[in-house]
Amino acid sequence: MPDNVIPLFSDTETRPTPGMRAAIAAAEVGDEQKGEDPTVIRLQERVADLLGKESALWLPTGTMCNLVAVKTHTRPGDALVADGMAHVVRAESGGAALASGVVTETIRTERGIFTAAELQAAMDRVAAVPEPYGQPVGLVCVEQTHNFGGGAVWPLEALDAVAACARSRGVPLHMDGARLLNACAALGVSAAAVAARVDSLWIDFTKGLGAPIGAVLAGTAAFIAGARRYKQLFGGAMRQAGIAAAGCLYALDHHVDRLAEDHENARRLAAGLAGIDGIEVRTAAPDTNMVFFDASGPDLSNREFIGRLAASGVRLSGAGGAIRAVTHLDVSRADVDRALAAVRQAAAGRA
Ligand SMILES: *Cc1c(COP(=O)(O)O)cnc(C)c1O
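Quick look at the structure, then.

Each value, and the rule that gives it
- Residues numbered from 1 in each chain as written.
- Predicted model: local features only at pLDDT ≥ 70, side-chain atom pairs only at ≥ 80, totals over all residues.
- Heavy atoms only, no water.
- Helix = DSSP H or I, 4+ residues; strand = E, 2+ residues; numbered from the N terminus.
- Buried < 20%, exposed > 50% of the residue type's maximum accessible area, 1.4 Å probe, protein only.
- Near = heavy atom within 4 Å.
- Polar contact = N/O pair within 3.5 Å; in protein donor to acceptor, adjacent residues only side chain to side chain.
- Areas by Shrake-Rupley, 256 points an atom, 1.4 Å probe, with all protein chains shown as cover.
- Core = buried A, V, L, I, M, F, W, Y, C linked by side-chain atoms within 4.5 Å.
- Contact = heavy atoms within 4.5 Å.
- Pairing = 2+ DSSP bridges.

Concerning unusual backbone geometry
Right, so step 1: The residue after Glu-131, namely Pro-132, is reached through a cis peptide bond having omega 15 degrees.
Right, so step 2: Tracing the chain through its elements places Pro-132 in the loop between helix H6 (116–127) and strand E5 (137–143).
Right, so step 3: Residue Thr-145 is bonded to the preceding Gln-144 through a cis peptide linkage, with omega at -5 degrees.
Right, so step 4: Structurally, Thr-145 can be placed in the loop between E5 and helix H7 (156–168).
Right, so step 5: Despite not being glycine, Ser-93 has its phi angle at roughly 60 degrees, a positive value.
Right, so step 6: With respect to the element layout, Ser-93 can be found in the loop between helix H4 (87–90) and helix H5 (95–100).
Right, so step 7: Since its relative accessible area comes to 79%, Ser-93 is described here as exposed.

Points about the site of the ligand
Right, so step 1: The environment of the ligand is formed by 14 residues, the closest being Thr-63, Asp-176, Arg-179, Asp-204 and Lys-207.
Right, so step 2: Interatomic distance of 2.6 Å between a side-chain N/O atom of Thr-63 and an oxygen atom of the ligand.
Right, so step 3: Coverage of the ligand by the protein chains reaches 87% of its 380 Å² of free accessible surface.
Right, so step 4: Residue assignment for the shell around the ligand shows that the elements contributing at least two residues are helix H3 (62–73) and strand E7 (200–204).

A short note on the nonpolar core
Right, so step 1: Grouped together as the largest cluster of nonpolar side chains are 53 residues, with contacts concentrated most on Leu-43, Trp-58, Leu-119, Val-140, Leu-180 and Phe-205.
Right, so step 2: In terms of residue count, the dominant contributor to this core is helix H11 (residues 242–254) (seven residues).
Right, so step 3: Residues contacting Leu-180, with those up to four places away along its chain left out, are Leu-51, Gln-144, Thr-145, Met-175, Ala-191, Val-194, Leu-201 and Ile-203.
Right, so step 4: If you look at the next biggest cluster of nonpolar residues, it comprises 28 residues, including Leu-300, Ile-306, Leu-309 and Leu-316.

Quick notes on the pairing of strand E3 (residues 79–83)
Right, so step 1: Of all five residues making up E3, five are buried, and the element is well covered by its neighbours.
Right, so step 2: Of the two faces of E3, the one lined by Ala-79, Val-81 and Asp-83 and the one lined by Leu-80 and Ala-82 are each fully buried.
Right, so step 3: Relative to strand E4 (residues 103–107), E3 runs parallel, the two sharing five bridges. Within E4, the residue paired with Asp-83 across the bridge is Ile-107.
Right, so step 4: Pairing analysis gives three bridges linking E3 to E5, with the strands arranged parallel.

Such coordinate-based values are descriptive only and should not be taken to indicate function.
Structure representation (structure tokens):
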């Protein structure tokens, strides 16, 4: 990507910093598949500790974390309950259906956050047809922060309520915590405080944390032992993976405290966009690092608007029928101001 491009397309666009590259170059490595890579072992212990879980497992991607977690928690034919815009439902190539044979019962939400009553109703819909005709609910999934919900944060009280509801039915609760640490920065709580509310969860290192490869899944020792088998089965067991894990350890040391800056930049962007004629901001005060907005009108579609911005060096994406801008460590406050100027110009030139 040329240096003059403003990469608001996604927080996956971050590139390893010189410091991270140095840590990667110096990584101590071993055969990860045999459990002999010291850097991977250190990372797994560090994440288990961060999340207050018994055990953790390094995987190549967040998608594989969900794939392995759903497989470990459920049996073929079980129902998986999640909100209808969850990444595990919408954006993982149908992996849960393919690998785990689950049917999906979705909850319609505004921003990806549902209530205990909505979860109860979804589980009641599944249970309305008794077994053997119906199916048991095998797993409930929540997403923190919610990607297509605009980086929406699950407050602890909302999580408590759905956790109690799932527990009352004996159903495990899994969290897609791709951006959990963004949620923690927004809530001002520890990652362990959030993690204590769910049975399993994972964090992604390739979003706002800025590492090139890796995600870590955590839960009880028994859950992780089961997950390890599916990691191998799905081809997720690697060899000298410490090369990549070193980038993740570096991210934990250097890129967590700065997440609040990304949120500040997102708020600055949203506030600026709200003042531009022809732009409709979906969430005036974004919870975390995403801003969803609309530029469409009779004369112009969002897609065309994204194209115009790309021509002026601002990379944006389309998501959920809106335009999505995501802030991260490769987007400075000055970049936000330059992006706003470009949007203003594109919006003014639309008639
Ligand atoms: C990015 C993302 C994933 C998938 O993670 P990858 O590391 O890209 O495979 C899953 N869930 C959410 C909410 C995400 O944003």
